[in-house]
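Below, each chain spelled out in residue letters.
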Amino acid sequence: MVEHMLTQCAWTRPVWIGSNLISKVSPEKCPSMLIWSSGITDKCSSLKEASEVISKLAFQAWHIWKERNDFVFDHLEVNPLSTVVRASKAQTEFELLSAIQREVLEHSDAPPSASLAWRKPIPGSLKINCDVAIPLGSEKGTAAMVVRNEVGELVDGSTATFPVSSVLQGELEAITRARYMVEGLKVSPVMIESDNRRVIELCLKTRAPMAPWEVFEIVMDIRKLMKQKNLKVEWVKRSGNKIAHQVAAWASKGQLQPDWKNLKVEWVKRLGNKIAHQVTAWASKGQLQPDWP
């Protein structure tokens, strides 16, 4: 049925001839669109050519479908030449916009390569590491915000549980709550780190200038504050964000000690060194003593 409507109907053949695709493989000799399109790409000399051919095939098929609907519902006469021209124009516009987008992305201020380990902020400033934990099947997320100074000391911290619809929203909520903490720290500048690259790209307006609708207001709020305050955000690998990650995980399970912020240096050192891996393993199995720090 689909093959007849798109390739085997009498008026569609001139369309495919005009698009210069029928010269590669005749649709009449193929039982399905899939086999026909595969036969066309098999004759291409490169991946780039195959991509261009598939793009042309898709635009031609789409405009044949639109022309058929115009005929059936609006009683407009089909015109193979008009179909070829409009499909070709649409494809040209698409390729032009795609080229412009690639050019913009190549010259955008993309987040630098993420650090593999936690790095000290500049003297006199603070760094806030953020993360969120969302238990499987849960509609609530728990964010952790851990504040440290230039010598790595735990200065402050906070956790919060809130409704979430996605990991992206949860990670952005964590940054939002971190920036609220900035206002009370009375220190400048402040660096906020997250191990979610997509979140940092949204905050920096790189590669994704238009935020998804469900997080649009949160992203706009963060961008606005970054312009007004001496505030920066940065992408860090999970290995450089493990303290915030573990705090969020413990808090989401109700395993975080109420006085965790007062443990300061020794607690941070324990999580920051190689013992952290074993601590996490013990905690996940319920084998960690309540007074381990």
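Look up: the structure comes first, before these words.
As the structure is a computational prediction, the values presented were derived from the model and not from experiment. (Residues numbered from 1 in each chain as written. Predicted model: local features only at pLDDT ≥ 70, side-chain atom pairs only at ≥ 80, totals over all residues. Heavy atoms only, no water.)

Student: Explain helix α4 (residues 47-74) to me, and be specific about the residues and the numbers.
Tutor: Along an α-helix, a turn takes 3.6 residues, which lines up residues three or four apart on a common side. In this model α4 runs 40 Å from its N-terminal to its C-terminal C-alpha over 28 residues, within 8% of the 40 Å that 1.5 Å per residue would give. Where α4 ends, the next residue or the one after it, His75, has phi of about 60 degrees, a positive value. (Helix = DSSP H or I, 4+ residues; strand = E, 2+ residues; numbered from the N terminus. Expected span 1.5 Å × (residues − 1).)

Student: A description of the pattern of salt bridges should follow, citing residues and the corresponding values.
Tutor: Counting across every chain of the model gives 6 salt bridges. Put simply, Glu193 and Lys127 hold a salt bridge, and the shortest N to O gap is 2.9 Å. With Glu193 in strand β4 (residues 190-194) and Lys127 in strand β1 (residues 126-133), the pair connects residues that are 66 residues apart, well separated along the chain. Just as Glu193 is buried, Lys127 falls in that class too. (Salt bridge = Lys/Arg side-chain N within 4 Å of Asp/Glu carboxyl O. Buried < 20%, exposed > 50% of the residue type's maximum accessible area, 1.4 Å probe, protein only.)

Student: Run through the state of the cysteines, naming residues and quoting values.
Tutor: Within this structure, the stated rule accounts for 0 disulfides. The thiol of Cys130 is unpaired, and the distance to the nearest cysteine sulfur, on Cys203, comes to 9.7 Å. Judged by its relative accessible area of 3%, Cys203 falls in the buried class. (Disulfide = S-S within 2.5 Å.)

Student: Can you explain the environment of Leu204? Please cite residues and give values.
Tutor: Among the structural elements, Leu204 can be located in helix α7 (residues 197-204). As a C-alpha pair, Leu204 and Met226 span 22 residues in sequence and 9.2 Å in three-dimensional space.

Student: Residues and numbers for the packing of helix α3 (residues 33-42) against α4, please.
Tutor: Two elements in contact, α3 and α4, have axes separated by 9 Å at closest approach and are oriented at 145 degrees. As for the relative orientation of α3 and α4, their crossing is right-handed in sense. Of the residues in α4, those in contact with Met33, Trp36, Ser37, Ile40 and Thr41 of α3 are Ala50, Val53, Ile54 and Leu57. When grouped by side-chain class, the residues that make up the contact of α3 with α4 number 7 nonpolar, 2 polar and no charged. (Axes fitted to C-alpha atoms, helices over the stretch in contact; angles between N-to-C directions. Left-handed = near helix turned anticlockwise from the far one by under 90°. Contact = heavy atoms within 4.5 Å. Nonpolar A, V, L, I, M, F, W, Y, C, P; charged D, E, K, R; others polar.)

Student: Any details on the packing of aromatic side chains? Residues and values, ideally.
Tutor: Working definition: an aromatic ring pair is given by the centre-to-centre distance plus the angle between the planes. Under the defined criterion, the tally for this structure stands at 1 aromatic pair. Centre to centre, the rings of Phe59 and Phe94 are 5.7 Å apart; their planes meet at 50 degrees, and the pair counts as tilted. Of this pair, Phe59 sits in helix α4 while Phe94 sits in helix α5 (residues 80-106), and the two are 35 residues apart along the sequence. Overall, Phe94 belongs to the partly exposed group, its relative accessible area being 46%. The ring of Trp118 carries Lys127 above its face, with NZ or CZ at 5.5 Å from the centroid. The ring of Trp118 is capped by Arg148, whose NZ or CZ atom sits 3.9 Å from the centre of that ring. (Phe/Tyr/Trp six-rings, centres within 6.5 Å; stacked < 30°, edge-to-face > 60°. Lys NZ or Arg CZ within 6 Å of the ring centre and 35° of its normal.)

Student: Quick one: what's the story with unusual backbone geometry, residue by residue and with numbers?
Tutor: The backbone of His75 shows a phi angle near 60 degrees, a positive value even though the residue is not glycine. By relative accessible area, His75 is classed as exposed at 67%.

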